[in-house]
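Structural overview
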Amino acid sequence: MKITVLPNNLLSWKNNNVRCELGRNGINFNKKEGDGTTPAGVFPLRKVFFRADRLPTPKTGLLTKALKPEDGWSDDPKDPAYNKLIKQPHNYRHEKLWRDDHIYDVIVELGQNDNPPKPGFGSAIFIHLASYDQSPTEGCIALKLEDLLLLLKECDQLTTINILY
């Protein structure tokens, strides 16, 4: 299956079209760490992380993993584990995946800058839940919970996302 993201905040697959939130500085082809843009390109979906204390395992053909309080994601270009799942405490800058808000209750890891990761070319690019005010992201794609769960039901290991510029 192929998912398409358009710059006008529309995510579509098969016969579905839903609103999505994108990076605060739009979409671009030259993703850099901290630039606030969503990277343009075609990427595989790697894995679904979720908060098992808040919702059941999402129904999907993708690999799933329940988050733990110590889970994080390295976003420090100096870190040998840059753009990878890490355990906290961690000596390099990183993002906490176990959050008090609900934005990371479901996270879909995109295969962006991960094979192998190039320091500074973007990390932690996910599909995750939209904030209540539907504000832009730091570079991810954000959906309402019901839209993300519907999408995941149709995803498998061959699913790709095409983010158009």
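One structure accompanies this document, and this report is about it.

The rules behind these values
- Every chain begins its residue count from 1, and numbering advances along the sequence as written.
- Where local features are concerned, this predicted model is filtered to residues with pLDDT of at least 70; where side-chain atom pairs are given and counted, the filter is 80 or more; whole-chain, interface and lining totals use all residues.
- Hydrogens and water are ignored here; the side-chain numbers use all heavy atoms of the structure.
- In this scheme, strands are said to pair when DSSP sees at least two bridges between them.
- Helical segments are the DSSP runs of H or I of at least four residues, strand segments are the runs of E of at least two, and each set is numbered from the N terminus.
- In the cavity and pocket records, a cavity denotes points on a 1 Å grid over the protein atoms alone where a 1.4 Å probe fits but cannot get out, a pocket denotes an open set with protein on both sides within 12 Å along at least 5 of 7 lines, and lining residues are residues with an atom within 4 Å of a point.
- Grid points are joined across faces, edges and corners, and a volume is the space filled by probe spheres set on the points.
- For this classification, the nonpolar set comprises Ala, Val, Leu, Ile, Met, Phe, Trp, Tyr, Cys and Pro, the charged set comprises Asp, Glu, Lys and Arg, and every other residue, Gly included, is treated as polar.
- Within 3.5 Å is the distance limit for a polar contact, defined as a pair of N or O atoms, with the added protein rule that one can donate a hydrogen and the other accept it, and that residues adjacent in sequence qualify only through two side-chain atoms.
- The rule is simple: take the accessible area with a 1.4 Å probe, protein chains only, and divide by the maximum for that residue type; under 20% is buried, over 50% is exposed, in between is partly exposed.
- Residues belong to a common nonpolar core when they are buried Ala, Val, Leu, Ile, Met, Phe, Trp, Tyr or Cys residues joined through side-chain atoms within 4.5 Å.
- Two residues qualify as a contact provided that any one of their heavy atoms is within 4.5 Å of a heavy atom in the partner residue.
- A side-chain nitrogen of Lys or Arg and a carboxyl oxygen of Asp or Glu constitute a salt bridge if their distance falls within 4 Å.

Observations concerning the pairing of strand β12 (residues 126–129)
With three bridges connecting them, strand β11 (residues 106–110) and β12 associate as antiparallel partners. The partner of Val108 across the bridge, within β12, is Ile127. The pairing of β12 with strand β13 (residues 141–143) spans three bridges and is classified as parallel. Looking at the pairing, Leu129 lines up with Leu143 of β13.

Some thoughts on the layout of surface pockets
One number sums up the size of the largest pocket: a volume of about 390 Å³. The wall of the largest pocket is formed by 26 residues, among which Glu95, Thr137, Glu138, Gly139 and Cys140 lie closest to the centre. Within the lining of the largest pocket, the residues separate by chemical class into nine nonpolar, nine polar and eight charged. In this structure, the second largest pocket occupies an estimated 260 Å³ of space. Taken together, 14 residues form the lining of the second largest pocket, with His102, Leu129, Ala130, Ser131 and Tyr132 sitting closest to its centre.

A look at the side chain of Ser131
Relative to the elements of secondary structure, Ser131 occurs in the loop between β12 and β13. Among the polar contacts made by the side chain of Ser131, one reaches the side chain of Asp133 at a distance of 2.7 Å. Here the side chain of Ser131 touches Ser135 through a polar contact of 3.0 Å, side chain to side chain.

Considering unusual backbone geometry
With an omega dihedral of 0°, the bond running from Gln88 to Pro89 counts as a cis peptide bond. Along the chain, the position of Pro89 falls in the loop between β9 (85–87) and β10 (94–96). Of note, the amide linkage connecting Asn115 to Pro116 takes the cis form, showing an omega dihedral of -5°. One can find Pro116 in the loop between β11 and β12. A positive phi angle, near 45°, is found at Lys14, a position not held by glycine. You can see Lys14 is positioned in the loop between β2 (10–13) and β3 (16–19). Judged by its relative accessible area of 60%, Lys14 falls in the exposed class. Despite not being glycine, Gln134 has its phi angle at roughly 55°, a positive value. Tracing the backbone through its elements, the reader meets Gln134 in the loop between β12 and β13.

Observations concerning the environment of Gly111
Along the chain, Gly111 turns up in the loop between β11 and β12. For the pair formed by Gly111 and Gln88, sequence separation is 23 residues and the distance between their alpha carbons is 22 Å.

Regarding the nonpolar core
Counting 28 residues, the largest nonpolar core has Leu11, Leu45, Ile127, Ile141, Leu148 and Ile161 as its most contacted members. Listed by contribution, the elements that provide at least two residues to this core are β1 (2–6), β2, β6 (41–50), β11, β12, β13, α1 (145–153) and β14 (160–163). With residues up to four places along the chain from it excluded, the contact list for Leu11 reads Ile3, Thr4, Val5, Asn16, Asn17, Val18, Cys20, Ile141, Leu143, Leu151 and Ile161. The next biggest cluster of nonpolar side chains, apart from the first, holds ten residues, and it includes Leu67, Trp73, Tyr104 and Cys140.

So, the pattern of salt bridges
Here the structure, examined in full by the defined rule, presents eleven salt bridges. As a salt-bridge pair, Arg54 and Asp105 come within 2.7 Å of each other at their nearest N and O atoms. Taken together, the residues span a long stretch of sequence, with Arg54 in the loop between β6 and β7 (63–66) and Asp105 in the loop between β10 and β11 at a distance of 51 residues. Given a relative accessible area of 6%, Asp105 falls into the buried group. Across the pair Asp75 and Arg93 runs a salt bridge, and its minimum N-O distance is 3.1 Å. You can see Asp75 sitting in the loop between β8 (71–74) and β9 and its partner Arg93 sitting in the loop between β9 and β10, a full 18 residues away along the chain. Residue class for Asp75 comes out buried when judged on its relative accessible area of 14%. Residues joined in a network through salt bridges with shared partners are Lys65, Asp71 and Lys87.

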